[in-house]
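Examination of the molecular architecture
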Amino acid sequence: EEEEEEEDWLRLRPQDPLSSQCCGSGCRPCVFDTYERDLERWTRARESRDRSLLAEDRAAGPRNDTVLSTESFSAFPLESVEVLTSDTCLYRFKLPTGGSLGLGLGQHLVLRGAVEGLEVQRAYTPISPVSAEGYCEFLIKVYTEGLMSHYIQTWKEGDLVQWRGPFGGFLYKPNTVCHGS
């Protein structure tokens with residue numbers, strides 16, 4: 001029985017992220033940060049033999065109504081695909097709450113996909129207006145050798161696609177000039 005319990009705990013252990021799961025854009029938290037946090041939580045829960053500790057972050061504090069999280073992925077249904085050139089399409093996703101992404105200047109989302117059993121993550125910037133309600137759009141060029149491109153080319157209308165964010169951004173001050181150092 002003790003051996004079975006140990007096997008159960010090992011099944012609950014967070015999986016080490018692969019380097020391909022990092023989008024390389026400097027996101028905070030990065031997939032590696034999230035893994036370290038989840039591993040620490042799992043270790044505390046295992047040591048105390050209390051599985052309820054595995055969900056402590058999800059239960060803490062009030063939830064907000066945003067559709068995005070830097071901590072976890074949200075699934076958006078693919079609403080339409082408009083082919084613009086032989087290698088570029090406009091992808092429109094329906095937002096679950098009917099609201100808007102509310103991203104600031106220079107912000108992007110991270111897309112998660114799987115190709116041949118390998119999880120891949122890449123950063124993409126929506127091109128829909130900030131005020132767009134109920135949808136977001138991405139203009140994406142696919143590359144013959146691109147891992148994420150192979151995943152994107154499998155999309156069909158109605159597919160659920162995993163996004164997290166927002167990340168990035170910079171402060172925009174109208175009528176000012178930045179003189180680099």
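This text goes with the structure placed above it.
How each quantity is defined
For every chain, the first residue of its written sequence is number 1, and the numbers climb from 1 along that sequence. With the structure being a predicted model, the display of local features is reserved for residues of pLDDT at least 70 and the display and counting of side-chain atom pairs for 80 or more, all residues being used for whole-chain, interface and lining totals. Heavy atoms from the whole structure form the basis of all side-chain values; hydrogens and water molecules are not counted. To count toward a patch, a residue needs a relative accessible area above 30% and no salt bridge. Like charges then connect within 9 Å, nonpolar side chains (Val, Leu, Ile, Met, Phe, Trp, Tyr) within 5 Å. Each accessible area is a Shrake-Rupley estimate made with a 1.4 Å probe; only the visible protein chains count as cover when residues are assessed. Salt bridges are defined by distance alone: a side-chain nitrogen of Lys or Arg within 4 Å of a carboxyl oxygen of Asp or Glu. To sort residues, take the accessible area from a 1.4 Å probe on protein chains only and compare it with the maximum for the residue type: under 20% means buried, over 50% means exposed, and anything in between is partly exposed. To qualify as a helix, a DSSP run of H or I must reach at least 4 residues; to qualify as a strand, a run of E must reach at least 2; elements of each kind are numbered from the N terminus. In the analysis that follows, any N or O atom pair within 3.5 Å is treated as a polar contact, provided that within protein one partner can donate a hydrogen and the other can accept it, and provided that, for residues neighboring in sequence, both atoms belong to side chains. Any two residues whose heavy atoms approach within 4.5 Å at even a single point are treated as in contact. Centres within 6.5 Å are what make two rings of Phe, Tyr or Trp a pair, Trp counting through its six-membered ring; a difference in plane orientation under 30 degrees is then read as stacked, over 60 as edge-to-face, and the rest as tilted. Comment: the charge-over-ring label is applied if NZ (Lys) or CZ (Arg) is within 6 Å of the ring centre and within 35 degrees of the ring normal.

**Here's the deal with a nonpolar patch on the surface**
- Together, Leu84, Ile127 and Leu139 give the surface a local cluster of nonpolar side chains, amounting to about 270 Å² of exposed area.
- Leucine 139 gets classed as partly exposed once you look at its relative accessible area, which sits at 43%.

**Considerations on the side chain of threonine 88**
- For threonine 88, the location among the structural elements is in strand β2 (residues 88-94).
- On the basis of relative accessibility, which here comes to 14%, the residue threonine 88 falls in the buried class.
- Of note is the side chain of threonine 88, whose polar atom sits 3.0 Å from the side chain of aspartate 87.
- Sequence-distant contacts of threonine 88, defined by excluding residues within four places in its chain, comprise Glu82, Val83, Leu139, Ile140 and Lys141.

**Some details on the pattern of salt bridges**
- On inspection of all chains with the given rule, the structure shows 10 salt bridges.
- Between arginine 49 and glutamate 5 there is a salt bridge; the shortest N-O distance is 3.6 Å. You can see arginine 49 sitting in the loop between α2 (31-48) and α3 (56-59) and its partner glutamate 5 sitting in helix α1 (residues 2-12), a full 44 residues away along the chain.
- According to the relative accessible area criterion, glutamate 5 is partly exposed, its value standing at 33%.
- Across the salt bridge formed by arginine 46 and glutamate 6, the nearest N and O atoms sit 2.0 Å from each other. Of this pair, arginine 46 sits in helix α2 while glutamate 6 sits in helix α1, and the two are 40 residues apart along the sequence.
- Taken together, the shared-partner salt bridges connect Glu5, Glu6, Arg46 and Arg49 into one network.

**Digging into the environment of proline 126**
- Here proline 126 shows up in the loop between β4 (118-124) and β5 (135-141).
- The exposure class assigned to proline 126 is buried, which follows from its relative accessible area of 15%.
- C-alpha of proline 126 to C-alpha of cysteine 136: the two residues are 10 residues apart in sequence and 6.6 Å apart in space.
- In contact with proline 126, not counting residues within four places along its chain, are Leu101, Leu103, Gln107, His108, Glu137 and Phe138.

**Brief notes about the packing of aromatic side chains**
- A complete count under the given rule lists 7 aromatic pairs for this structure.
- Note on tyrosine 91 and tryptophan 155: the rings are 5.0 Å apart at their centroids and 90 degrees apart in plane angle, and the pair reads as edge-to-face. Here tryptophan 155 lies in the loop between α4 (147-152) and β6 (160-168) and tyrosine 91 lies in strand β2, a separation of 64 residues in the sequence.
- Residue tyrosine 91 is classed as buried on the basis of its relative accessible area of 5%.
- Note on tryptophan 155: relative accessible area 9%, which makes it buried.
- With 5.7 Å between their ring centres and 90 degrees between their planes, tyrosine 151 and tryptophan 155 make a pair best called edge-to-face. Of the two residues, tyrosine 151 and tryptophan 155, neither departs from the other in class, the shared state being buried.
- Every member of this aromatic cluster is reached through a ring pair, and the members are Tyr91, Phe93, Tyr124, Phe138, Tyr151, Trp155 and Trp163.
- A cation over a ring is seen here: arginine 13 above tryptophan 42, with NZ or CZ 5.7 Å from the ring centre.
- Arginine 112 extends its terminal NZ or CZ atom over the ring of phenylalanine 73, reaching a point 4.0 Å from the ring centre.

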